[in-house]
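Remarks on the overall topology
Spelled out from the first residue to the last, the chains are:
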Amino acid sequence: MADPVFAQATSADLERLLRPLLASRTFESRDEVLAVHESEPWRLRVSEAGDVAVLDTWRDHLDILAVEALWCAERTIPTAIEQAVSVAREHGFGTVLSPPVPVDQVHVYERAGMRVRETTATLAFELHGREVVAAPCCENMTIREGSEADIVPVLGVDRRCFDDFWRYDERRLRRLVERQRLAIAECEGIPVGYTLSVPGAEFAQVGRVCVVPEARRQGVGRMLLADVVRAAQHAGARSLGLCTQTGNRASHALYHRVGFRDTGDRFVFLESC
């Protein structure tokens, strides 16, 4: 059987893809899908067999092309990655990053010449009848909901908390703030941390928790998580989940103190050599 060829999606392909792309939250709206197809059609790729690959810049300050979604049979994955590498070279990227891959599928991506870049652990917090107790850690500490107007100061916090691989660029952060609930911790009116979360109707998700270095170990992270828990409970969610790097001991310690449990699930990001 010949290897599938992923080509740019046509307008006819988009009609078939719209529902799964929106259901998976790869895109938030029909308009967003159409805008990407019009401005960067090479990012949406399909094969004659119906396989789908969605590509995007991982971070605007890095030359990494991310596979945001890959829907195909396991045997097709190496071919899909090899073709994504060709697309990356064509558009000036240095490497290709896989989507989050369950550990039992890592070998499939390694066959395409990829190597493990980061490993994350999945943690969960059961929300029913529980709360996170947290006290203000400075006299004028507040947690407030943020908006697009807070993008610049939040970017400043983010740059101080993460290395180049993980920190957000403005485009991605703006997209996330449109989709998720932003909460900002301020001490004396100065942002010292923030969270991004999706409250959800059944299952809530924490997308980001960070606190600037000089404000750590003072309860700011606990206050932010208490705020996320309340918002998730208010939305009716039963459980709250998050992913964090396996090597980030400080974050694991915080989450376990608050009451999160390690589910045992591990996901891996792989990068092309």
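Scope of this entry: the structure provided in the associated data block.

Calculation notes
Residues numbered from 1 in each chain as written. Predicted model: local features only at pLDDT ≥ 70, side-chain atom pairs only at ≥ 80, totals over all residues. Heavy atoms only, no water. Salt bridge = Lys/Arg side-chain N within 4 Å of Asp/Glu carboxyl O. Helix = DSSP H or I, 4+ residues; strand = E, 2+ residues; numbered from the N terminus. 1 Å grid on protein atoms, 1.4 Å probe; cavity = no way out; pocket = protein on both sides within 12 Å on 5 of 7 lines; lining within 4 Å. Points joined across faces, edges and corners; volume = space filled by probe spheres on them. Nonpolar A, V, L, I, M, F, W, Y, C, P; charged D, E, K, R; others polar. Core = buried A, V, L, I, M, F, W, Y, C linked by side-chain atoms within 4.5 Å. Buried < 20%, exposed > 50% of the residue type's maximum accessible area, 1.4 Å probe, protein only. Contact = heavy atoms within 4.5 Å. Axes fitted to C-alpha atoms, helices over the stretch in contact; angles between N-to-C directions. Parallel < 35°, antiparallel > 145°, perpendicular 65-115°, else oblique. Left-handed = near helix turned anticlockwise from the far one by under 90°.

Where charged atoms of side chains with opposite charge meet at close range, the side chains can pair. Applying the stated rule across the entire model yields 26 salt bridges. For the salt bridge of D13 with R16, the shortest nitrogen-to-oxygen distance reads 3.8 Å. Placement of the pair is D13 and R16 together in helix α1 (residues 11–23), with a separation of three residues, close to one helical turn. Residues joined in a network through salt bridges with shared partners are R25, E28, E32, E40, R43, D56, D60, E68, R171, R172, R175 and R179.

Let us now look at unusual backbone geometry. The bulk of non-glycine residues show a negative phi, and the bulk of peptide bonds are trans. The residue R25 is not glycine, and still its phi comes out positive at about 60°. Of note, R25 is situated in the loop between α1 and α2 (30–39). Of note in this structure, E188 is not a glycine but carries a positive phi near 55°. You can see E188 is positioned in the loop between β9 (181–187) and β10 (190–198).

This part takes up empty space enclosed by the protein. Over the atoms rolls a probe the size of a water molecule, and in doing so it shows where empty space is left. Scanning the model with the defined rule gives one cavity of 30 Å³ or more in all. In this model, the largest cavity occupies a volume close to 50 Å³. Together, F6, R45, A53, L55, A80, Q83, A84 and V87 line the largest cavity. Those elements that place two or more of their residues in the lining of the largest cavity are β3 (52–57) and α3 (77–90). At four residues, α3 tops the list of elements feeding residues into the lining of the largest cavity. A per-class count over the lining of the largest cavity returns six nonpolar, one polar and one charged.

Right, let's get into the nonpolar core. Ranked by size, the top nonpolar core spans 33 residues in total, and within it W58, M141, L173, V192, Y194, L196 and V220 carry the most contacts. The set of elements that each furnish at least two residues to this core consists of β4 (64–71), α5 (151–161), α6 (170–179), β9, β10, β11 (203–211) and α7 (220–234). When residues no more than four places from it in sequence are discounted, the contact partners of V220 are C137, M141, A185, V192, V211 and A215. Residues W42, V67, Y109 and L270 belong to the second largest nonpolar core, which totals 24 residues.

What follows concerns the packing of α1 against α2. In contact at an axis separation of 10 Å, α1 and α2 are set at 135° when each is read in the N-to-C sense. Between α1 and α2, the angle falls in the class oblique. The handedness of the crossing between α1 and α2 is right-handed. Note on element contacts: α2 touches α1 through R30, V33, L34 and H37, opposite S11, L14, E15, L18, L21 and L22. The residue makeup of the contact of α1 with α2, split by class, is six nonpolar, two polar and two charged.

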